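# Descriptive analysis of the structure
Next come the chains, spelled out residue by residue.
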Amino acid sequence: MSKPHIVILGAGPAGLGAASKLSRTSAAQVTVLEQQFTVGGNAGSFELEGVHVDYGSHRLHPACDAEVFQDIQAFLGADLLERPRHGRIRLHSRWIHFPLKPIDLALRLPPRFATGVLADGLSKLVPKNSIPLEETFASVMEKGLGRTICQDFYFPYAKKLWGLEPSELSPTQARRRVSNSSLMKMVRKVLSAVPGLKPKGSGIFYYPKRGFGQICEAYYHSALEHGAQVHLGARVTAVQQQPEGGYIIEHQSASSPSGAAPLELKADQVWSTIPITALAQLMRPKPPAELVEAARQIDYRSMILVYLVLAQSQFSQYDAHYFPELGTSITRLSEPKNYSNRQNPEDTTVLCAELPCAPDSAEWSLDDEQLGQVVLQDLEQAGIPVRAPVRRVFVRRLRFAYPVYRKGYEAYFNPLDEWAEGLQGLLSFGRQGLFAHDNTHHALYMAYSAVKCLDADGGFNKQRWQEYRKIFETHVVED
Ligand SMILES: Cc1cc2nc3c(=O)[nH]c(=O)nc-3n(C[C@H](O)[C@H](O)[C@H](O)COP(=O)(O)OP(=O)(O)OC[C@H]3O[C@@H](n4cnc5c(N)ncnc54)[C@H](O)[C@@H]3O)c2cc1C
């Protein structure tokens with residue numbers, strides 16, 4: 001076999017990155033199956049009353065791998081903008097610039113917070129004989145950052161984001177998924193805002209003119225141009241492993257009459273970017289009962305995105321407002337027009353509020369008007385009330401937003417991961433496939449790495465893949 005037929009499940013950054021790279025290098029014949037009618041997954045965009053909006057605040061971070069970044073630049077050309085970061089955090093009824101700036105630390109930090117951080121920093125200089133505690137997100141963060149930053153910022157924020165007490169979260173959440181996990185790292189970041197000390201890429205992000213989703217659309221078009229087939233509105237309902245090798249993938253097409261038998265597609269290899277928990281449910285023969293149970297024990301946090309269409313040209317000059325405190329339900333508010341610096345449409349702007357929740361929570365089933373009210377009240381309380389008429393409230397729900405690293409989740413994820421790794425001709429990767437709280441550039445890097453594991457004879461080199469997996473372990477999510 002020289003050119004395998006690879007069926008990719010999911011058209012988010014991981015799936016499309018792989019589809020584009022595989023077809024551009026003529027390494028495989030590629031078919032992508034995506035349940036939605038649009039591409040991009042959680043990193044997609046859509047248009048709302050003339051404004052390009054994303055699924056919550058999305059930026060391309062300068063930490064992006066060079067090869068991936070070169071491709072994005074080549075695809076988007078002048079449409080890829082370099083933008084200054086200009087956000088702010090609500091803390092003790094004050095606003096502090098985010099990313100932190102030395103001037104804010106000196107002049108604008110709430111006094112109780114500033115003295116607390118200073119005292120925490122000084123106490124670190126004194127060696128202690130503390131009794132080692134069981135490590136959790138809370139203990140690792142507190143050891144690195146001190147009590148004040150944790151109690152006032154990271155702990156309430158974590159509780160809102162993941163729906164768990166910080167002591168119920170795994171230390172992995174702190175080590176690999178928080179870029180400022182020690183006071184020194186934070187100080188270095190703050191100092192990097194000083195002209196002259198500024199390393200390349202600090203304080204900026206990249207953003208496409210027509211929304212973050214333009215990145216995935218570019219990968220989609222590149223894959224099509226190079227011969228890949230992409231079926232949208234195609235929901236995968238079963239992945240059958242064949243005794244003679246390869247797979248048959250059953251999927252329901254949205255254009256088929258209701259009650260029609262599922263469509264079937266034969267593949268030499270399946271590259272899955274759908275949630276690993278869903279993959280375990282779809283696999284035939286079924287995985288052993290203990291793995292089906294393991295898949296039930298880990299979960300992803302969901303997110304409601306509430307878009308307010310306002311009759312005004314600009315709500316504020318900031319790209320994003322962060323709300324770590326528990327008094328508000330939302331965690332972040334972004335204004336997409338400020339990401340691309342677009343002036344049009346002149347009389348309209350859109351705000352996007354992020355409300356993390358569980359899919360069985362009361363919030364998940366609130367209607368659009370109720371959700372609009374939740375956001376308006378939060379903004380009023382934070383001292384940034386919406387004064388312009390709200391033309392429309394529009395809601396989108398992401399079922400799989402963040403993997404939840406509950407303490408001990410590794411006992412369930414690791415066997416599931418080993419099972420998927422052990423299946424001949426199957427690869428599970430991407431943010432959902434590896435249960436990794438990763439950025440888009442990490443998902444794309446995984447896709448490119450997977451393509452590099454395809455040997456000239458069409459076989460997949462799992463040993464090489466394991467080497468790449470060690471690199472993925474070093475990825476740290478950027479906000
Ligand atoms: C609120 C929020 C903010 C973020 N901000 C940033 C940011 O600023 N910068 C950044 O780089 N990243 C950010 N991210 C992360 C980014 O969205 C992800 O890293 C990226 O989307 C992961 O890509 P993926 O392809 O691995 O997964 P996904 O984007 O989740 O794609 C998976 C795809 O699989 C499809 N699928 C699932 N089940 C099936 C099925 N049965 N059949 C067919 N298709 C199926 C889904 O519809 C989806 O399209 C953010 C994420 C969230 C939630």
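Described below are features of the structure shown in this document. (Residues numbered from 1 in each chain as written. Predicted model: local features only at pLDDT ≥ 70, side-chain atom pairs only at ≥ 80, totals over all residues.)

## Section: the sheet that holds strand β11 (residues 247-253)
Short version of the rule: At least two bridges found by DSSP between two strands is the condition for calling them paired. The secondary structure listing takes helices from DSSP runs of H or I that are at least 4 residues long and strands from runs of E that are at least 2 residues long, numbered from the N terminus.
Pairing is mixed across the open sheet formed by four strands, whose spatial order is β12-β11-β10-β14. With partners counted over all chains shown, the strands left at the sheet margins are β12 (263-267) and β14 (283-284), one partner each. As judged from the seven bridges shared by strand β10 (residues 234-241) and β11, these two strands associate in the antiparallel manner. The partner of Ala238 across the bridge, within β11, is Glu250.

## Description of the site of the ligand
Put simply, the rule reads: All residues are tested the same way: a C-beta atom is placed from the backbone, and lying within 6 Å of a molecule or strand makes the residue near it. Ten residues, namely Ala, Val, Leu, Ile, Met, Phe, Trp, Tyr, Cys and Pro, are considered nonpolar, four, namely Asp, Glu, Lys and Arg, are considered charged, and the remaining ones, Gly among them, are considered polar. As used throughout, domain bounds are those supplied by an automatic or database domain assignment.
The ligand sits among 37 residues. The nearest are Gly10, Gly12, Gly41, Gly56 and Gly430. Only α1 (13-24), β2 (29-34), β10, β19 (390-403), α15 (430-433) and α16 (440-452) provide two or more residues apiece to the shell around the ligand. A class-by-class count of the residues in the shell around the ligand yields 14 nonpolar, 17 polar and six charged. If you count residues domain by domain, the shell around the ligand takes at least three from each of domain 1 (5-80 + 210-298 + 407-472) and domain 3 (300-403).

## Some words on the sheet that holds strand β9 (residues 229-232)
Applicable threshold: All axes are obtained by fitting lines to C-alpha atoms, using only the stretch in contact for helices, and the reported angles, taken between N-to-C directions, cover 0 to 180 degrees.
Taken together, the five strands give an open sheet; going across it, the order is β9-β2-β1-β13-β20, and neighbouring strands pair in parallel fashion. A single partner strand is all that each edge strand has here, and the edge strands are β9 and β20 (426-428). Direction aside, neighbouring strands of the sheet carry axes that sit 15° apart on average. Pairing between strand β1 (residues 5-9) and strand β13 (residues 269-272): four bridges, direction parallel. By the bridge assignment, Val7 is partnered in β13 with Val270.

## Details of unusual backbone geometry
Quick note on the threshold: Exposure is read from a count of other C-beta atoms within 10 Å of each residue's own; the residue is exposed at 12 or fewer, buried at 20 or more and partly exposed in between. C-beta atoms are placed from the backbone.
For the bond running from Arg284 to Pro285, omega is -5°, close enough to zero to count as cis. Mapped onto the fold, Pro285 is located in the loop between β14 and α11 (289-297). Cis geometry is found at the peptide bond from Asn344 to Pro345, where omega equals -10°. Residue position: Pro345 is located in the loop between α12 (336-340) and β18 (349-357). One non-glycine residue, Ser26, lies in positive phi territory at about 50°. Here Phe435, not a glycine, exhibits a phi torsion of approximately 55°, which is positive. Here Phe435 shows up in the loop between α15 and α16. According to the C-beta neighbour criterion, Phe435 is buried, with 23 such atoms within 10 Å.

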